Amino acid sequence: MVSQEIEDWSTARLLVTASRMLEHTWELLLREHGVTHAGYTILEECLIDGAQPQRKLARSCRVTDQTISRTIERLERKDLVSRATDPSDERRQLVSITEAGRQVYARVVADVRESDALSDAVADSAELRKLLLRMIGKFESAEPAELSKARDVAAHKPAV
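As a starting point, this report considers the structure included with it. Residue positions are given per chain, counting from 1 as you read along its sequence in written order. In view of the model being predicted, local features appear only for residues whose pLDDT reaches at least 70, and side-chain atom pairs are presented and counted only at 80 or more, with totals across whole chains, interfaces and linings using the full set of residues. Calculated side-chain values reflect all of the structure's heavy atoms, with hydrogen atoms and water omitted.

**Brief notes about the side chain of threonine 41**
- Helix and strand assignments come from DSSP, with helices taken as H or I runs of at least 4 residues and strands as E runs of at least 2, each series counted from the N terminus. Summarising the element assignment, threonine 41 is placed in helix 3 (residues 37–49).
- Here's how the labels work: a residue is buried when its accessible area is under 20% of the maximum for its type, exposed when over 50%, partly exposed in between, all with a 1.4 Å probe on protein chains only. The class of threonine 41 is buried, set by a relative accessible area of 12%.
- One polar contact links the side chain of threonine 41 to the main-chain carbonyl oxygen of histidine 37, over a distance of 2.8 Å. Pairing of N or O atoms within 3.5 Å defines a polar contact, subject to two protein rules: one partner must be a possible hydrogen donor and the other a possible acceptor, and residues neighboring in sequence count only if both atoms are side-chain atoms.

This is how it looks when you write it as structure tokens:
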């Protein structure tokens, strides 16, 4: 049950608040398994699409090349991923999930299914997914000028 005060919040504020709460819960669960959100995403991408170059993983995970590199190094130290030279281009390294990485990924998925906060928070998760995908698509397809304008408006308002 939410308070009446929250009922009056803007949709954007509700979404940001829910996102932060979800992120906190998600990070705690992942930490129990020794991975970060970026690490989990790498495991998932490698599980779904097989061995991949780091740059492709960075794009899929929507992070910089530097971030993906550090995250892959941490996963590799834990034996959750491995790197090998790409036979078609010796300059590239392909990242693959290991058996240990598959096990960690499976345990995270199982814990998410068991978590009411992560799996049952929304009655119609299919509809929420559609809305979120549409929202993400709008941000991804926004013209740089639109995003720049939003940043300019925010820059001219004093932070409290």
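Here the narrative resumes.
**Structural notes on the nonpolar core**
- Side-chain atoms within 4.5 Å are what join buried Ala, Val, Leu, Ile, Met, Phe, Trp, Tyr and Cys residues into a set we call a nonpolar core. Membership of the largest hydrophobic core comes to 23 residues, with the highest contact counts inside it found for Val35, Tyr40, Ile42, Leu43 and Val108.
- Elements that contribute at least two residues to this core include exactly helix 2 (11–32), helix 3, helix 4 (54–61), helix 5 (65–77), strand 3 (89–97) and helix 6 (99–114).
- The greatest single-element share of this core, amounting to five residues, is contributed by helix 6.
- Residues within four places of valine 35 in sequence aside, it is in contact with Leu30, Tyr40, Leu43, Leu75, Leu80 and Val104. In this analysis, two residues are considered to be in contact whenever any of their non-hydrogen atoms come within 4.5 Å of each other.

**Regarding the pattern of salt bridges**
- For this document, the term salt bridge refers to a Lys or Arg side-chain nitrogen within 4 Å of an Asp or Glu carboxyl oxygen. The final tally for this structure, using the stated rule, is six salt bridges.
- Where arginine 91 meets aspartate 89, a salt bridge forms, and the shortest distance between an N and an O atom there is 3.0 Å.
- Lysine 130 is the salt-bridge partner of glutamate 127, the closest N and O atoms lying 3.3 Å from each other. Highlighted residues: glutamate 127 and lysine 130, both in helix 8 (residues 125–141), separated by three residues, approximately one helical turn.

**Brief notes about the packing of helix 4 against helix 5**
- The contact between helix 4 and helix 5 brings their axes to 9 Å, and the two run at 110 degrees. Between helix 4 and helix 5, the angle falls in the class roughly perpendicular. Each of Gln54, Arg55, Leu57, Ala58 and Cys61 in helix 4 lies in contact with helix 5, whose residues at this interface are Asp65, Ile68, Ser69 and Ile72.
- For this classification, the nonpolar set comprises Ala, Val, Leu, Ile, Met, Phe, Trp, Tyr, Cys and Pro, the charged set comprises Asp, Glu, Lys and Arg, and every other residue, Gly included, is treated as polar. Residue composition of the contact of helix 4 with helix 5, grouped by class: five nonpolar, two polar and two charged. Here the axes come from fitting lines to C-alpha atoms, over the contacting stretch only for helices, and the angles between their N-to-C directions go from 0 to 180 degrees. Orientation labels follow simple angle bins: below 35 degrees gives roughly parallel, above 145 gives roughly antiparallel, 65 to 115 gives roughly perpendicular, and whatever is left gives oblique.

**Describing the packing of aromatic side chains**
- Between the rings of Phe, Tyr and Trp (Trp by its six-membered ring), a pair exists once the centres lie within 6.5 Å; its type follows the angle of the planes, with under 30 degrees stacked, over 60 edge-to-face, and the other angles tilted. Taken as a whole, this structure holds two aromatic pairs when the rule is applied.
- Between tryptophan 26 and tyrosine 40, the aromatic rings sit 5.1 Å apart at their centres with planes inclined by 90 degrees, giving edge-to-face as the arrangement. Here tryptophan 26, found in helix 2, pairs with tyrosine 40, found in helix 3; they are 14 residues apart in sequence, far enough to count as distant.
- With a relative accessible area of 9%, tyrosine 40 lands in the buried category.
- Pairing tyrosine 40 with tyrosine 105 gives two aromatic rings, centres 5.1 Å apart and planes at 15 degrees, and the pair type is stacked. With a gap of 65 residues between them, tyrosine 40 in helix 3 and tyrosine 105 in helix 6 connect regions that are remote in the sequence.
- Given the relative accessible area of 13%, tyrosine 105 is considered buried.
- A ring has a charge above it when a Lys NZ or an Arg CZ is no more than 6 Å from the ring centre and no more than 35 degrees off the ring normal. If you follow arginine 13 out to its NZ or CZ, it ends over the ring of tryptophan 9, 3.6 Å from the centre.

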